[in-house]
Structures are given as structure tokens and as C-alpha cells.
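These are the residues of each chain, in order.
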Amino acid sequence: MLRKRICKRLLPKSTRSYVLNMSGKFIVLEGIDGSGKDTQMELLKQLFASEGEKKMEEGEEVYSWNNQEFVFVQVLDENFPETNELRQVLFGKGKRFVTWAEIFIFWADKFQMLYKHILPNLEKGRTVVVNRWEVSQMAYQVHGKQNESLREISLQMRSRLDQVATPNLHIFLDVSAEESKKRVEARAATAGNHNFFDD
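Residues numbered from 1 in each chain as written. Predicted model: local features only at pLDDT ≥ 70, side-chain atom pairs only at ≥ 80, totals over all residues. Heavy atoms only, no water.

Asker: How would you summarise the overall build of the chain if you had to cite specific residues and measurements?
Answerer: Each helix and strand counted, the chain has seven helices and seven strands in total. Shown N-terminal to C-terminal, the secondary structure of the chain runs as helices and strands in the order β-α-β-α-β-β-β-α-α-β-α-α-β-α. The 199 residues of the chain split such that 42% are buried. Of the roughly 11,100 Å² of accessible surface on the chain, 52% is carried by carbon and sulfur atoms. (Helix = DSSP H or I, 4+ residues; strand = E, 2+ residues; numbered from the N terminus. Buried < 20%, exposed > 50% of the residue type's maximum accessible area, 1.4 Å probe, protein only. Areas by Shrake-Rupley, 256 points an atom, 1.4 Å probe, with all protein chains shown as cover.)

This is how it looks when you write it as C-alpha cells:
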């Protein structure tokens, strides 16, 4: 069974008042590939749509449930033109980027989502649920590649994200490496040419 650990992270003093003054909440789902982040987001969407209301607003799906509004965002989100373009740049046929170029594409995605989709919805009092954020960025793009030269620039980028808006809550979906591998392989077998950038 999937084990879930819900961890609240202390907010840096430089951003604490700004984030807490927003009426909306910023929630991040984290976990290794195959831990169930997409599944949990889809289950929440189904629940909110069936028991609440779903509407389109400025190209975004907004869910209303229990007198609250929710917006869901994913890394390199295919539902938004700008981030989908970044996805196509990164995963276009025959394209291979050096590590330094690749890491900036991932950070560009996060800043685009932050300023274009996350902050505006937080300011409207909505709860924004994001699949992966800076924790995954550090894990996959710095430690995963075993390239410590990327640490300094990544810490600077992470600091800038925190200065703008720090998540109110991180939810870590914990699954064993063996189960993760099994799920990834099963997904890859049915996904055709779809790219899983964090396999």
C-alpha cells in the first residue's frame, strides 16, 4: 500500500508574511516516478467534478468543491501553450541537450508556471495543487545527475522561487524503489512514444 507522509515545511522569514497573507493555498505533490502523483491529482479532479463543479476560466480548469476553488498544475504542462512549447523543445524528436541547457529549461518552466498560473490563482483565493516543484528539481537535475557544479545555480533559482511564493504544504508520496520500477515499466509498455522525463 502506498504510504503517504504529509510534511509541512517552515517558510523562510523573507517570504512568510507574503505567502500567509494570500487567501489561497499552494500545495505540492512530490515523490519518485511511479509514486502516484498523477493518479492522486486525477482522483481529486474526479471527486471535485462529480461532487462539485468544473469550469474553464482563461484556459484553466477550475474546480469548485466544498465552497473552495482548486486549480491543478503539472511540470511542463501540456495544457498551457508556453509550457507545452518548453516540453516540445526538450523532448522534440532527435533533440538532446547538454545538462546545463536542460536544467535551465526546467527552471524556465517553473518560473513561467509560477508567475502565469500559480500566483494569479493564489491571489484569487484558490488552492493550487502542483505535481512536482523545487524538491524534484534538485533531486533529479542536481543529485540524480551527480553533477555538483549545478548545485550553486540551482540553489539560487530555488531561493528566487521561495522569495516569490513558498508552498504552504508538501505532500510526499512514499513508495519503494522496486514498486516504482514496476509501475514505470508498466506505464512505459502502454505509453507508446510518450516521454517520461524523470524515469
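Asker: Please provide a residue-by-residue account of the packing of helix 4 (residues 99-123) against helix 6 (residues 151-164), values included.
Answerer: The geometry of helix 4 relative to helix 6 is characterised by a closest axis approach of 11 Å and an angle of 0° between their N-to-C directions. The orientation of helix 4 relative to helix 6 falls into the category roughly parallel. Contact residues: Trp100, Ile103, Phe104, Trp107, Lys110, Phe111, Leu114, Tyr115 and Leu119 in helix 4; Ile153, Ser154, Met157, Arg158, Arg160, Leu161 and Val164 in helix 6. Broken down by class, the residue content of the contact of helix 4 with helix 6 amounts to 12 nonpolar, one polar and three charged. (Axes fitted to C-alpha atoms, helices over the stretch in contact; angles between N-to-C directions. Parallel < 35°, antiparallel > 145°, perpendicular 65-115°, else oblique. Contact = heavy atoms within 4.5 Å. Nonpolar A, V, L, I, M, F, W, Y, C, P; charged D, E, K, R; others polar.)

Asker: Which residues make up the nonpolar core, and what are the values?
Answerer: Ranked by size, the top nonpolar core spans 25 residues in total, and within it Phe26, Leu114, Ile118, Val130 and Trp133 carry the most contacts. Listed by contribution, the elements that provide at least two residues to this core are strand 2 (25-30), strand 5 (68-74), helix 4, strand 6 (127-131), helix 5 (134-143) and helix 6. With eight residues, helix 4 is the largest single contributor of residues to this core. Beyond its immediate stretch of four places on either side in the chain, phenylalanine 26 contacts Ile118, Leu122, Val128, Val130, Trp133, Ala165, Thr166, Pro167, Asn168 and Leu169. (Core = buried A, V, L, I, M, F, W, Y, C linked by side-chain atoms within 4.5 Å.)

Asker: Tell me about the pairing of strand 6, and name the residues and values.
Answerer: Of all five residues in strand 6, five are buried, a share of seventy percent or more. Note that strand 2 and strand 6 share five bridges and pair parallel. Directly across from phenylalanine 26, in strand 6, lies its bridge partner valine 128. Summarising the sheet, strand 5 and strand 6 pair through five bridges and their orientation is parallel. (Pairing = 2+ DSSP bridges.)

Asker: Can you lay out helix 3 (residues 81-91) for me, pointing to particular residues and giving the numbers?
Answerer: All buried positions along helix 3 are accounted for by Thr83, Arg87 and Leu90. Seen along its axis, helix 3 keeps its buried residues to an arc of 70°; they face one direction. Residues of helix 3 that are exposed and angled more than 90 degrees away from the buried face: Pro81 and Glu85. Elements that come into contact with the buried residues of helix 3 comprise helix 4. (Arc of directions from axis to C-beta.)

Asker: Help me get a handle on the packing of helix 3 against helix 4, residues and values and all.
Answerer: Packed helices, taken two at a time, are described by the angle their axes make and the gap between the axes. Look at helix 3 against helix 4: their axes get within 10 Å of each other, and the N-to-C directions meet at 170°. Taken together, the axes of helix 3 and helix 4 are roughly antiparallel relative to one another. On helix 4, the residues that touch Glu82, Thr83, Leu86, Val89 and Leu90 of helix 3 are Glu102, Ile105, Phe106, Ala108, Asp109, Gln112, Met113, Lys116 and His117. Taken together, the residues of the contact of helix 3 with helix 4 break down into seven nonpolar, three polar and four charged.

Asker: Mind laying out the pattern of salt bridges, listing which residues take part and the relevant values?
Answerer: Pairs can form between side chains of opposite charge once their charged atoms are near each other. Overall, the coordinates contain 14 salt bridges when judged by the stated rule. Among the ionic pairs, lysine 116 bridges to glutamate 82, the shortest N-O distance being 3.6 Å. One end of the pair, lysine 116, is in helix 4; the other, glutamate 82, is in helix 3, with 34 residues separating them in the sequence. In the salt-bridge network here, residues are joined through shared partners; they are Lys55, Glu57, Glu69, Lys124 and Arg126. (Salt bridge = Lys/Arg side-chain N within 4 Å of Asp/Glu carboxyl O.)

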